[in-house]
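# A structural walkthrough
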Amino acid sequence: QVQLVESGGGLAQAGGSLRLSCAASGSTFSINAMGWYRQAPGKQRELVALVASGNITHYTDSVKGRFTISRDNAKHTVSLQMSALKPEDTAVYYCNVMDNWSRNTWGPGTQVTVSS
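Everything in this summary refers to the structure shown in the same document.

Conventions and cut-offs
Residues numbered from 1 in each chain as written. Predicted model: local features only at pLDDT ≥ 70, side-chain atom pairs only at ≥ 80, totals over all residues. Heavy atoms only, no water. Helix = DSSP H or I, 4+ residues; strand = E, 2+ residues; numbered from the N terminus. Rg over C-alpha atoms; globule rule 2.2 N^0.38 Å. Buried < 20%, exposed > 50% of the residue type's maximum accessible area, 1.4 Å probe, protein only. Contact = heavy atoms within 4.5 Å. Areas by Shrake-Rupley, 256 points an atom, 1.4 Å probe, with all protein chains shown as cover. Lys, Arg positive; Asp, Glu negative; His and termini not counted. Charge placed at Lys NZ, Arg CZ, Asp CG, Glu CD. Pairing = 2+ DSSP bridges. Axes fitted to C-alpha atoms, helices over the stretch in contact; angles between N-to-C directions. Salt bridge = Lys/Arg side-chain N within 4 Å of Asp/Glu carboxyl O. Core = buried A, V, L, I, M, F, W, Y, C linked by side-chain atoms within 4.5 Å.

All right, on to the overall build of the protein then. From N to C terminus, the protein includes zero helices and eleven strands. When the elements of the protein are put in sequence order from the N terminus, they spell out β-β-β-β-β-β-β-β-β-β-β. A globule of 116 residues ought to have a C-alpha radius of gyration of about 13 Å, and the protein, at 13 Å, matches this closely. C-alpha atoms of the protein, sized along the principal axes, occupy 40 × 25 × 20 Å. Within the span of the protein, comprising 116 residues, buried residues form 39% of the whole. Taking the contacts inside the protein whose residues are at least 6 apart along the sequence as the reference set, 53% of them involve residues at least 24 apart. Roughly 6100 Å² of accessible area belongs to the protein as shown, and the carbon and sulfur atoms make up 49% of that amount. Where the 10 positive side-chain charges of the protein centre and where its 7 negative ones centre are 1 Å apart.

See below:
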């Protein structure tokens, strides 16, 4: 079983930057993909970015060119650098880990609020 601890987030102005970090512990040997999802009020949770084994990255279209995901396999961490933030980026951001058996583990979530 994997446990996740998130840090970062908070309040930023439009055009500003924030960084999210997530550290995994426990059965880290089984981790395949690591990523970030977000859920805005009244909306479904959506994938923001992920990095799979082999350092293959994927971003949702709305954050391409603004967000960068990075992964440290030695430390079992994944980070999301968010730049050029927009009010529509406001959401609760969740760290996600998928293991080699396609089981998902979620972090508790961290609030990101972008003011206009």
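Past the structure itself, the notes keep going.
Adjacent strands of a sheet pair through backbone hydrogen bonds, lying either parallel or antiparallel. The antiparallel open sheet is built from four strands, whose spatial order is β1-β3-β8-β7. Either end of the sheet is taken by a strand with one partner, and the two such strands are β1 (2–8) and β7 (67–72). On average, each strand axis in the sheet is tilted by 15° relative to the strand beside it, whichever way the strands run. Two strands pair when backbone bridges link them, and β1 and strand β3 (residues 18–26) are joined in this way by seven bridges, in the antiparallel orientation. Bridging across to β3, Gly8 finds its partner in Leu20.

Let's shift gears to the pattern of salt bridges. Within this structure, the stated rule accounts for five salt bridges. Between Asp61 and Lys64 there is a salt bridge, with its nearest N and O atoms 3.0 Å apart. Where salt bridges share partners, they join Arg38, Glu46, Arg66 and Asp89 into one cluster.

On to unusual backbone geometry. Its identity is not glycine, yet Asn55 carries a phi of approximately 60°, on the positive side. Assignment of secondary structure puts Asn55 in the loop between β5 (46–52) and β6 (56–59). Using a relative accessible area of 56% as the deciding quantity, one classes Asn55 as exposed. Phi at His76 takes a positive value of approximately 60°, unusual for a residue other than glycine. In this fold, His76 is placed in the loop between β7 and β8 (77–82).

What follows concerns the nonpolar core. One finds Trp36, Leu80, Met82 and Tyr93 to be the most contacted residues of the largest nonpolar core, which totals 28 residues. Of all the secondary structure elements, the ones that give two or more residues to this core are β1, β3, β4 (31–39), β5, β7, β8, β9 (91–99) and β11 (110–115). With near-sequence residues (within four places) excluded, Tyr93 lies in contact with Glu6, Leu20, Trp36, Tyr37, Arg38, Val48, Phe67, Leu80, Met82, Gly109, Thr110 and Val112.

Note that all results are geometric; they support no functional claim without further evidence.
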